[in-house]
Structure formats: C-alpha cells, structure tokens
Amino acid sequence: MDHVWESYQFDFGIVCGDFNLPNIRWSNRDSGLEYDGSVTDKVRQIGDQYEALHFEQKNNVPNISNSFLDLVFTNNKFVKVEESSEPLLPCDMHHPALTISCTCPLDIPVLNNSHSFHDFKHGNYVKANDDLRNINWAHHLSSLTTEQSAKFLQNSLLHVIDHCVPLLTFRNSSFPPWVTKSLKDLLVKKKQVHKIFKTFGGFNNYRCFSLLRSQCKFVSKKLYRSYTCKMQEQLCNNPRSFWDYARKAQGSQNIPEKVHLDSISASGDQVSDLFASYFFSVYVKPRVISDAQLNLITTKQFSFLPSSITITPDEVSAAFESLATTRGSGPDGISAIFLYRCRNHLILPICAIFNKSLAEGIFPSVWKCSRVTPILKSGDPTDVTNYRPISGLPFLGKMFESIVLKRIQLPLLSTISVDQHGFFPGWSTSTNPIDFVSFVHVAFSARRQVDVVYTDFSKAFDSIDHNTLIYVLDRLGIGDPLLTWL
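Cut-off values and rules
- Residues numbered from 1 in each chain as written.
- Predicted model: local features only at pLDDT ≥ 70, side-chain atom pairs only at ≥ 80, totals over all residues.
- Heavy atoms only, no water.
- Helix = DSSP H or I, 4+ residues; strand = E, 2+ residues; numbered from the N terminus.
- Rg over C-alpha atoms; globule rule 2.2 N^0.38 Å.
- Contact = heavy atoms within 4.5 Å.
- Areas by Shrake-Rupley, 256 points an atom, 1.4 Å probe, with all protein chains shown as cover.
- Lys, Arg positive; Asp, Glu negative; His and termini not counted.
- Charge placed at Lys NZ, Arg CZ, Asp CG, Glu CD.
- Buried < 20%, exposed > 50% of the residue type's maximum accessible area, 1.4 Å probe, protein only.
- Pairing = 2+ DSSP bridges.
- Core = buried A, V, L, I, M, F, W, Y, C linked by side-chain atoms within 4.5 Å.
- 1 Å grid on protein atoms, 1.4 Å probe; cavity = no way out; pocket = protein on both sides within 12 Å on 5 of 7 lines; lining within 4 Å.
- Points joined across faces, edges and corners; volume = space filled by probe spheres on them.
- Nonpolar A, V, L, I, M, F, W, Y, C, P; charged D, E, K, R; others polar.
- Axes fitted to C-alpha atoms, helices over the stretch in contact; angles between N-to-C directions.
- Parallel < 35°, antiparallel > 145°, perpendicular 65-115°, else oblique.
- Left-handed = near helix turned anticlockwise from the far one by under 90°.

Chemist: An account of the overall build of the protein chain is needed here, citing residue identities and associated values.
Modeler: Each helix and strand in the protein chain was counted, giving 17 helices and 13 strands. Its C-alpha atoms give the protein chain a radius of gyration of 31 Å, more than 25% over the compact-globule value 23 Å for 486 residues. Here the C-alpha coordinates of the protein chain stretch approximately 90 × 75 × 50 Å along the principal axes. Taking all contacts inside the protein chain whose residues are at least 6 apart in sequence as the whole, residues at least 24 apart take part in 66%. Of the roughly 30400 Å² of accessible surface on the protein chain, a fraction of 55% belongs to carbon and sulfur atoms. Measuring between centres, the 48 positive side-chain charges of the protein chain sit 7 Å from its 46 negative side-chain charges.

Structure representation (structure tokens):
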C-alpha cells in the first residue's frame, strides 16, 4: 500500500473491504488515526500503516454484533459513509450495505501557488537603514516630478530589499498549523523506522517504531491543545488571528485550475484574464452630467472645505506607527514591517513626495497598482460570478490616503446628515438599529404610524460614478489642486 500510494502520488484514495477486525473501535483525532479494544499485531499493522499515510477510518455503521468488520480508509475528510437504504443485494447481518459519498469537488485540481518571497522577519535592518541613510534624498527629489519621485523611492526601496532581505520559496504545507519543525522531524523519523520494520520485521524494530509513534501522538496532542487555547484567547485579544483560524478550519479556498464564466472556460494562465474581464464588467461607465442636474447643487455652499493641504513630518510619523502590527506585503513587494523598521530614514523624503503630489494635484500611478484576489462568496468554486474581488494596494499609497482622509474628514462630516450611520465616526451598524428602535418606540407611544423602506444596492462601491462624485465635490466647495488630486 505504501509503495503504490507514494509511487503514483495520488491526491485522493479510498480503501474499503472486510478487514475482519471485531471488537476494535476506530477514531479520527487531529493527531491521527487511533484505535482501541482487542488490539492484536494484525490490528497494529493495519492501523499503523494507514495512520502513517494520514488516512482516516470513516465507517461508523455497526453490524448486528455492534462490531465494525467492514472498514473504509481514506485521506479525504469530506468522505461520508452511511448505511444504504437501497442495497443492490440481500444483506448479510454481519456486513450491512454501505453508501460511500464525497461532497467536495475532488476532480477539480487547484492552481499551484508556490512562489518566492522576501522573508522580512529576518531582514538585515541595520544594513537597510545604513543604505537608506546614505541616499541624498533632497538632491534626487528636487528635480523630479511627482511620478518620477514616487518611482525613484520605490526603486530605491526595492534595491535595498534585494540586498538586505533573504529570499525564500513558499509551498503549500500538508501539515496543520500547530505542527512545529521538531514534530515534523519526528514524524519523518517515525515513517523511516516504520518502513524498516515492514521490510525486516523483528521485535526491536517494532518496539522502536511503537515508541516513536507514541511520542508523535503525545507531542501532537500537546501542541494541538496549546494551539486551540491560544486561538480561544485571540478571540478577545486579536480577532483577526481567530477568524484566520476559523477560515482555515473550514477547508481550502484555493482557486480551481479550470473556471468558467457562462459558456466561456479558462485554465492555467487564462484564469486570471477571465476573472479580470468579469470584475471589469461590473463597473459602470462614467455618465455625462447635464447642467440641469448640476444646477440642483448650490455652488460653493461650504466655503470652509479645503482646496489645498500641506502634510507635516509628524503626520507621516504617526502613519508609520500604524504599521507596527500590520503584516504582509503590497503588490509592489514592499512590506509593512520593512517600512516600519526603516521609518526614521523615510519620514522626510516621503513627506516631501506627499506634499509635491498634493501641490501638483497628481496621485502617483505606482501607488495605484493593486493586487486583486478573488474571494469565493458561496456556491460553485469553478464559476467566477461566485467570487468578489479584494484589492491589495501599496502601503505607501494607503498611508498617503489615510493622512489626507484625516485632514478632510472633519470638515466634510459637517456636510453629511446626522441621521447617517455609515462611514461616520462613532456610528455603526450597531448604533443604527438602536436609534431606529428608539424612534419607533417614541412614534408608537404617540400613536403615530411608522413606514420603513429597506434598500440594498448591488455592488454599490463598484458602480459609483466617479465623474458625478467629482462634480458634487466641486459644487460643494472643494477646489484645486486637492480636487484634481482626488
């Protein structure tokens, strides 16, 4: 079984039959396949073989003697074994008819997402800071435009990253997240000893294997308990980590190797093109706004709205501090941890580029490039219409936008109705129903009628007409160069 399974590198397998092992109870734990009862050498050999292959025993339908003679071993957790309601032949009382089913799309291979990445956690930040300190930022940036300055900054950072941050290769792991390197080494050693025992036999070889197996189970259970306790604590302290754990527990969310959009199919490199065409089709084309519609908005009715902004180094420094607990890298290959660890030598040049961008009314195009990740909402994973796009933007561009938002948010909030709860500081989906219920109670107490209209806009943010939005901001009182920058 080992030879066949490993030689052909199967992804999915089921082994079923009459193993004739009465009085044995099988259980599937996170640490692996377990068994108890009248354990014999035959039971150990079968159980250890499938446990070494990471198989589970799925049949929990007992026979008339409350035993499990027919066993179903598989490496897929979605396989279900139930008693058949329509047996093809008359049943033996010791061997009830079984139905074996699998609800997951086993025949859909997923895209290979192995790739190289920079290990920013183990970067040489002493050398990185020295390299950044030796760059004459004022000399280089003084003669460059906004676009050129942002590009020069990006190239400089990527050059330092290439020389100071090690490059690693990512591959999907078949081990659960709580398995440490020491446990992986122990599992490999157990598998090697198991092969020696199967090849040569002998009491000493089996004893060595049995001790390693017990040690693996003990360590695995201990690590799993520690991991689950940590995840429970993260629910209050770090909800993001907890929900990452919950999503992983639900199963793989990898994109299938072959997808379709209506009658159009794509595979391999064309998958991304099909996703791109679908996501692009969602956006509406800009409309031409008539003068009659524009005249409905009073011109410059809010004279206090800003037309220009100047950012200070303190604001840039505060934006850098927000990256202290942020992980991951942007589509430009620059990570949050790298920016944070090198912030002391980046505050002044970045502040200068931000202000140059605002003065020229140009947002650098290198900070507009995004990495779009399709996220499955529900339904068939091969249908691209069941996905929604999540865009990952460069951290420098996000920092820039967050600083500008803080500067214009307060004056703009005064132009919004106080009855709006969305995108309003201190208001949320929690305060909205509280306010509404209070209003209803007051109305009912006064014996007045309350009419409620519920609406939901499909793909609301994707269908915003940006031309209309710019026209509205112009009429409200925001002027250039800030309006052009927006």
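After presenting the structure, the write-up continues.
Chemist: Can you explain unusual backbone geometry? Please cite residues and give values.
Modeler: Of note, the amide linkage connecting Asp-480 to Pro-481 takes the cis form, showing an omega dihedral of 10°. With respect to the helices and strands, the residue Pro-481 is situated in the loop between helix H16 (466-476) and helix H17 (482-485). Notably, Asn-20 is not glycine yet its phi reads approximately 55°, a positive angle. Tracing the backbone shows Asn-20 in the loop between strand E1 (14-18) and strand E2 (24-29). Of note, the phi angle at Asp-262 is positive, near 60°, even though the residue is not glycine. Here Asp-262 shows up in the loop between strand E10 (258-261) and strand E11 (264-267). Taking the relative accessible area as the measure of exposure, Asp-262 reaches 67% and is therefore exposed.

Chemist: Report on the sheet that holds E1, specifying residues and quantitative values.
Modeler: The sheet built from 3 strands is open, its strands ordered E1-E5-E4 with antiparallel pairing. Because the sheet does not close on itself, it has two edges, and the strands there are E1 and strand E4 (56-57). Looking at chain direction, E1 and strand E5 (residues 70-74) are connected through 5 bridges and run antiparallel. Bridge pairing in E5 places Gly-17 opposite Leu-71.

Chemist: Hey, could you go over the nonpolar core for me, with residue numbers and the actual values?
Modeler: Soluble, globular proteins show a tendency: their nonpolar side chains are buried together. Core analysis: the largest hydrophobic core is formed by 51 residues, its most contacted members being Phe-338, Leu-346 and Trp-367. For this core, the leading source of residues is helix H14 (residues 395-413), giving 8 residues. Discounting chain neighbours no more than four positions away, the residues touching Leu-346 are Leu-132, Trp-137, Leu-153, Leu-157, Phe-320 and Leu-339. Trp-5, Leu-33, Phe-55 and Phe-68 belong to the second largest nonpolar core, which has 15 residues in total.

Chemist: Break down the layout of surface pockets for me, with residues and values.
Modeler: With a probe scaled to a water molecule rolled over the atoms, the places where space remains empty come into view. Of the pockets and cavities examined, the second largest pocket occupies roughly 2000 Å³. Surrounding the second largest pocket, 34 residues form its lining, Leu-405, Phe-461, Ile-464, His-466 and Leu-469 being those nearest its centre. Those elements that place two or more of their residues in the lining of the second largest pocket are helix H9 (270-282), strand E13 (387-392), H14, H16 and H17. Among the elements that make up the lining of the second largest pocket, the one with the highest residue count is H14 (7 residues). The class makeup of the residues in the lining of the second largest pocket is 24 nonpolar, 7 polar and 3 charged.

Chemist: Tell me about the packing of helix H2 (residues 41-52) against helix H6 (residues 181-200), and please be specific about residues and values.
Modeler: Running from N to C, H2 and H6 cross one another at 140°; their axes reach a closest spacing of 11 Å. On the basis of their axis angle, the class for H2 and H6 is oblique. Judged by the sense of rotation from one axis to the other, the crossing of H2 with H6 is left-handed. Every residue of H6 that contacts H2 at Gln-45, Asp-48, Gln-49, Glu-51 and Ala-52 is listed here: Lys-190, His-194, Phe-197 and Lys-198.

Chemist: Any chance you could break down the packing of helix H11 (residues 313-321) against helix H13 (residues 347-360) for me, citing the residues and the numbers?
Modeler: Put simply, H11 and H13 touch, their axes get as near as 9 Å, and they point 115° apart. The orientation of H11 with respect to H13, classified from their angle, is roughly perpendicular. The interaxial crossing formed by H11 with H13 has right-handed handedness. Judged by residue contacts, Pro-313, Val-316, Ser-317 and Phe-320 of H11 engage Ile-347, Leu-348, Ile-350, Cys-351 and Phe-354 from H13. When its residues are assigned to classes, the contact of H11 with H13 shows 8 nonpolar, 1 polar and no charged.

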